[in-house]
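Residue-level listing of the chains:
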Amino acid sequence: MADVNSTLPLLAVGASLGVVPLLLSARSPDVREGWTLAAGLAKLALVLSMLPSVLGGENLFFQVAEVFPGVPIAFRVDAMGILFALVSSSLWIVTSLYSIGYMRGLKEHGQTRYYCYFALALCSTLGVAFSANLLTLYLFYELLSFATYPLVTHHQDAEARGAGRRYLLYIVGGSIGLVLPAMLVCYGAANTLDFAPDGILKQAGFSGPELATLLLMFLFGFAKAAIMPLHGWLPAAMVAPTPVSALLHAVAVVKVGVFSILRVLTGIFGLELLGSSGLDSLVLALAAATMVAASLAALCQDGLKRMLAYSTVGQLSYIILGGALLSPEGLQGAMAHLATHALGKISLFFCAGALYVATGKQRISQMHGIGRRMPLTMGAFLAASLSIMGVPPLAGFLSKWYLALGCVATEQTVPLMVLLLSSLLNAAYLMPVVYKAFFLPIPEGEPTERLPELSSLCTWAPLVTALGCVLLFFFPGVLLDLTALAAREVWRV
Amino acid sequence: MTEHLPALIVVVPLLTSFLIFALGWLKKDLCFPVGLFGLAVAASSCMGLLLRVMRWGPVTYKLGGWEAPWGIVYVVDTLNGMVLAAVAFSALIQWIWSGPSVKRHFQDRLGALYGLQMLFVTGLLGMTVTGDAFNLYVLLEIASITAYALIAMGPERASLSSLNYVFMGTLGACFYLLGVGYLYIMTGTLNMADLARLITGLHGSRAIQVAFIITMVGLWLKMAFFPLHGWLPNAYTHAPYPISGLIAPLMTKVMVYVMIRIDLNVFGPVYSFEKMGLEKAVMWLAVLAVIMGSIMALAQKDLKRMLTYVILIEVGYMVGGFWLGNKSGMTGALLHLLNDVFMTLCAFLAVGNLLYRLPGCSFPELKGAFSKMPFTMGALVATALSIVGVPPTCGFFSKWYLLLGALEAEHYGFLAALIFSSLVGVVLFFRVFEWAFFSTQEHEEGEHHLSHTFQEAPVQMVVPVLLVAGGLVVLGVFSGEIVSGIVEPVIPLTFS
């Protein structure tokens, strides 16, 4: 894979940052939202413009400044990075449309601030996706933590303050307390932090326990990946407005966490070293435990968004599991799951938000008969649930298929069993919502007329993303090309 | 002309300060522009000198044409070039920033305040530029006495805090003078280069040992290094806010510079680090400074007072990084010296803006500050991130070198203290931001209603703060160049 110098990565990362002054100076909400959408489209266009060269085997490279000897702040766009960037920048546009409907529908305060920090969060997400080394990744990871704090605490009340505290405690505590020292140790041993195809620690001569400690510091330090027991911030962060939960806590923030872990596994440790030191089973065990435990926790929730949050915790570990399977198919599955889960989960959050805006209902126990009043929204919910469960013909099936292939290829039965068990549990916590919505009668005393769904942007957004789940199953071309390319970069097949 | 730059740096502010005292009687309105001009000349001279030194190596300037051991020489290398530039530029920025607040609070004492400020800057610049150990003492006293006077101009308890500072500060300066006296008795010279040459032959001497210890203790007192920090929090908290942005960022940092200079260029790295065998003790003091500073900062309920404890933590960083005795640690200490000047400057200027508009800056008084003063609070957020050590702000990069140095020296106590204080930093600042951001505090009855309308400080105060806040990121991005161009040339070859 040849490196080609280009400023496109910088522009793509900066596109959303450039819009902040415009947002601040916009005089009317229409102009402000227009700028947000324009920035979203520009960002997506910039990412798409890099796609042909990445598919052609060229990695776009841009160095901002060399801050430490051998460690610059630099971007390198490879298959893994651009896949993540495509997912987050395209979903940002849908989320922006959804935000307009949601925030106006609820007459939220501080909307300018909201759109500014959203733009900043997307800037950092793309920065993480395009990082050429661990330092750059850390930089944008931290930026994302602080950019999302005002979004999580948007309501500025006591509950938001508590959630914000927990958010910072887990995420910043992890990154400063664990990732920073781990990164220093890596730099001290290897004098570089570049993501290399077979890692940088092979020659460092760490003993087994040292490597295991280092790996655990990274796994738990990147607390955005919500590996249990460091998942507590995610359900708490659900106090945020729903678009924030949808894009950030189903797509951007949590995926930044797992993406960082994938990068560390493949680019810093190297899959070979992971295999030879037996650390892959450590990661597998943690991921598998999180998958099952989070699904069980999701079963017990009554708050719809909290249930979805626990579901996210479990699904994130699918991706980590895929990375630790140490097979090309497993990594492909992990990368594909990053995209398909994003589509599915964002639809579910959109539906939850649309229900809340239209009816004010937030609890699963209040959902009786809601499907008759909002059939389109709940239809989208059903499609997205099936995708999360991994039922064909929906996108979620693709990634689970590859993950299962990865287990089979390496003859690991335990992860395969966990995968199947977790899928069953997914059905167990998602299907009751659909059942209650469509098959139980509307409680007496509540209005029964159908709500005008299509008059709000809030309902259009989940329809679009749910349709995306279907379309991605039938046209997975680019997705599979990119995942194959990502696997080839790591495995050099 | 350029060969006289070192003299210009001290002479221009000195003459300007006299001029300002006179103008204070004759024509008050001219004090501000005259001082501005003087500091602009000093700052551009410092910058010119730094660039010259970076390109052509150290400069020696004989004051009045007298030869070295008899006359006073000014010696500039990249180390003090950097400190000079940082001092002069932050003094310039602070001068511009302080205009409206000085006019509001010190209209009747304009000449005295501005004149003392300028004299204080003269002292700092002179201390930094001089290559003579006794001349350094004289300028140290100039800077200290003006600082006492400036702090005593504050309201209410300021004079008591200043008195306490006078006692402790004088003690520190006396210790330093005593140390220099020992050195003079032993060597018969006061010139630093000369001293360094003669001390190499006296490594076994008990008198030199005593001189070393007394000098260090004196300097630690002046820089408020734990446990000799007692005077600092009160003095800096009660200092009038228009000038705490000048004293707080600069005094301690210049004292750290003096410590580094004396250790490296008078006693020499071999003596300071190998012969004395003090580094273990000093390192643990630094660890204590960082940890105790963090804990005491946590106990504060007033933003300005909390920041004074942050200064104590930062002093611990720099002293610790320097005494790690390896290249990374020293790089970290020197880089942090530069970064911390601007971090502290930004913090105290932002606090000044808050105090310009709000009744005080204890936490409850900060309610609604984000909507009232968004730019000032934005700058404060940037400072907080830098103090915590979040890239790409400059604080991260110096902390990185400090951590790396601790790792290389296998001093895990210092490593843990650095990480601990970073985490405490998050708590410290986000507690402040919570007060300023969340509007849920129940409105008790009788409490005067706080308006949340836009009420930012004057442009003349906001723009400098935003500039410095932006500078924190610029310094961070260019830290690679700063390290290779400025810091590395002055690190002794004995460190690897």
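Please read these numbers as outputs of a predicted model, since none were measured by experiment.

A. Structural view of the overall build of chain A. A count of helical and extended segments in chain A gives 19 helices and three strands. For 493 residues, the compact-globule estimate of 2.2 N^0.38 gives 23 Å, and chain A sits close to it at 21 Å. The principal-axis extent of the C-alpha atoms belonging to chain A is close to 70 × 55 × 45 Å. By residue count, 61% of the 493 residues in chain A fall in the buried class. Across chain A, the fraction of contacts at a sequence separation of at least 24, relative to all contacts at a separation of at least 6, is 81%.

B. Here's a closer look at the overall build of chain B. Within chain B, the secondary structure is distributed over 20 helices and two strands. For a compact globule of 496 residues, the expected C-alpha radius of gyration is about 23 Å, and chain B comes in at 22 Å, within 12% of that figure. Counting only C-alpha atoms, chain B reaches 75 × 60 × 40 Å along its principal axes. Burial analysis of chain B (496 residues in total) assigns 59% to the buried set. A fraction of 79% describes how many contacts in chain B between residues 6 or more apart in sequence connect residues 24 or more apart.

C. Expanded view of the nonpolar core. In terms of nonpolar packing, the biggest core is built from 393 residues, with Leu83 and Ile320 of chain A together with Leu84, Ala88 and Cys346 of chain B touching the most fellow members. In contact with Cys346 of chain B, not counting residues within four places along its chain, are Ala379, Ala382, Thr383, Val465, Val468, Ala469 and Leu472 of chain B.

D. Quick look at helix α13 (residues 328-359) of chain A. Residue and element names in this part refer to chain A. The end-to-end C-alpha distance of α13 is 46 Å, a good match for the 46 Å that 32 residues give at a rise of 1.5 Å each. For α13, the principal kink sits at His337 and spans about 25°. Burial runs high along α13: 28 of the 32 residues are buried. Just downstream of α13, Gly360 is the residue with a positive phi angle, here 80°.

E. Geometry of the environment of Met461 of chain B. Along the polypeptide, Met461 of chain B turns up in helix α19 (residues 459-477). When residues no more than four places from it in sequence are discounted, the contact partners of Met461 of chain B are Trp97, Pro100, Asn353 and Tyr356 of chain B.

F. Summary view of the pairing of strand β2 (residues 58-68) of chain A. Residues and elements named next belong to chain A. Note: strand β1 (residues 2-5) against β2, four bridges, orientation parallel. The residue bridging Asn5 from the neighbouring strand is Phe61, located in β2. Of the strand pairs in this sheet, β2 and strand β3 (residues 71-77) are connected by seven bridges, and their pairing is antiparallel. Paired with Gln63 across the bridge in β3 is Ala74. Counting the residues in the hairpin turn of β2 and β3 gives two residues, including Gly70, whose phi is positive at 85°.

G. Just the sheet that holds β2 of chain A, in detail. Residues and elements named next belong to chain A. The strand order β1-β2-β3 describes an open sheet built from three strands, whose pairing is mixed. For this open sheet the edge positions go to β1 and β3, each flanked by a neighbour on one side alone. Recorded for the sheet is a direction-independent mean angle of 40° between the axes of neighbouring strands.

H. Structural view of unusual backbone geometry. The omega angle of the peptide bond from Phe226 of chain B to Pro227 of chain B is 0°, so this bond is cis rather than trans. If you trace the backbone, Pro227 of chain B turns up in the loop between α8 (206-223) and α9 (232-238). The omega torsion of the bond from Pro391 of chain B to Pro392 of chain B falls at 5°, within 30 degrees of zero and hence cis. Looking at the element boundaries, Pro392 of chain B is found in the loop between α16 (374-388) and α17 (394-408). Here Asn191 of chain A, not a glycine, exhibits a phi torsion of approximately 60°, which is positive. By the element assignment, Asn191 of chain A lies in the loop between α6 (158-190) and α7 (208-221). Residue classification places Asn191 of chain A among the partly exposed residues on the basis of 13 C-beta atoms within 10 Å. Despite not being glycine, Glu410 of chain B has its phi angle at roughly 55°, a positive value. The class of Glu410 of chain B is exposed, set by 8 C-beta atoms lying within 10 Å.

I. Molecular detail of helix α3 (residues 79-105) of chain A. All names here are of chain A. Over its 27 residues, α3 extends 39 Å from the first C-alpha to the last, a length consistent with the 39 Å expected when each residue adds 1.5 Å. By the criterion of burial, α3 is predominantly enclosed, with 24 of the 27 residues buried. Trailing α3 by a residue or two, Lys107 shows a phi angle of about 50°, which is positive.

J. Region of interest: the packing of helix α14 (residues 327-357) of chain B against α17 of chain B. All names here are of chain B. Between α14 and α17, the shortest axis-to-axis distance is 8 Å and the interhelical angle comes to 155°. What the angle tells us is that α14 and α17 run roughly antiparallel. Where α14 crosses over α17, the two elements pack in a sense that is left-handed. Contacts between α14 and α17 involve Ser328, Gly329, Thr331, Gly332, Leu335, His336, Asn339 and Met343 from the former and Cys394, Gly395, Phe397, Ser398, Tyr401, Leu402, Leu404, Gly405, Ala406 and Glu408 from the latter. For the contact of α14 with α17, a count of residues per class yields eight nonpolar, nine polar and one charged.

K. Representation of the confidence of the model for chain B within the structure. All names here are of chain B. In the predicted model, chain B carries a mean pLDDT of 88, and 97% of its residues have values of at least 70. Contacts of residues 440-451 to residues separated by more than four positions or lying in other chains number six contacts, the stretch itself having pLDDT below 50. What the predictor reports for the complex is a pTM of 0.91 with an ipTM of 0.89.

L. Structural view of the packing of helix α5 (residues 134-152) of chain A against α6 of chain A. Residue and element names in this part refer to chain A. Interaxial distance between α5 and α6 falls to 10 Å at its minimum, and their mutual angle equals 175°. Viewed along their axes, α5 and α6 adopt a mutual orientation that is roughly antiparallel. Within the contact between the two elements, α5 uses Leu134, Tyr138, Tyr141, Glu142, Ser145, Tyr149 and Val152 and α6 uses Ala163, Gly164, Tyr167, Leu168, Ile171, Val172, Ser175, Val179, Met183 and Cys186. Classifying every residue of the contact of α5 with α6 by side-chain character gives 13 nonpolar, three polar and one charged.

M. Examining the pairing of strand β2 (residues 73-76) of chain B more closely. All names here are of chain B. On β2, burial covers both faces: Val73 and Val75 on one face and Tyr74 and Val76 on the other are all buried. Of the strand pairs in this sheet, strand β1 (residues 59-62) and β2 are connected by four bridges, and their pairing is antiparallel. Within the sheet, the bridge partner assigned to Val59 lies in β2 and is Val76.

N. Expanded view of the interface of chain A and chain B. Contact with chain A, which involves 22 residues of that partner, is made by 24 residues of chain B. Secondary-structure elements contributing two or more residues to the side of chain A that touches chain B are β2, α5 and α6 of chain A. Tallying contributions element by element places α6 of chain A first for the side of chain A that touches chain B, with 11 residues. Partitioned by chemical class, the residues of the side of chain A that touches chain B number 14 nonpolar, four polar and four charged.

O. Structural detail: the environment of Leu451 of chain A. All names here are of chain A. As for its position among the elements, Leu451 is in the loop between α17 (413-439) and α18 (457-474). Assessed through the 19 C-beta atoms surrounding it within 10 Å, Leu451 is described here as partly exposed. Sequence separation of Leu451 and Ile370 is 81 residues, and the distance between their C-alpha atoms is 10.0 Å. Those residues in contact with Leu451, other than ones at most four positions away along the chain, are Ala358, Arg373 and Met374.

P. Focus on the environment of Tyr241 of chain B. Residues and elements named next belong to chain B. Within the secondary structure, Tyr241 is located in helix α10 (residues 241-267). With 22 C-beta atoms counted inside 10 Å, the residue Tyr241 sits in the buried group. Sequence separation between Tyr241 and Leu338 is 97 residues; the distance between their C-alpha atoms is 22 Å. Each residue touching Tyr241, except ones within four places of it in the same chain, is listed here: Ser101, Val351, Gly352 and Leu355.

Definitions and limits used
- Residues numbered from 1 in each chain as written.
- Chains lettered and ligands numbered in written order.
- Predicted model: local features only at pLDDT ≥ 70, side-chain atom pairs only at ≥ 80, totals over all residues.
- Helix = DSSP H or I, 4+ residues; strand = E, 2+ residues; numbered from the N terminus.
- Rg over C-alpha atoms; globule rule 2.2 N^0.38 Å.
- Buried ≥ 20, exposed ≤ 12 C-beta atoms within 10 Å, placed from the backbone.
- Contact = placed C-beta atoms within 7 Å.
- Core = buried A, V, L, I, M, F, W, Y, C linked by C-beta atoms within 7 Å.
- Expected span 1.5 Å × (residues − 1).
- Bend = angle between axes of the 7 residues up to and from the residue.
- Pairing = 2+ DSSP bridges.
- Axes fitted to C-alpha atoms, helices over the stretch in contact; angles between N-to-C directions.
- Parallel < 35°, antiparallel > 145°, perpendicular 65-115°, else oblique.
- Left-handed = near helix turned anticlockwise from the far one by under 90°.
- Nonpolar A, V, L, I, M, F, W, Y, C, P; charged D, E, K, R; others polar.
- pLDDT = per-residue confidence, 0-100.

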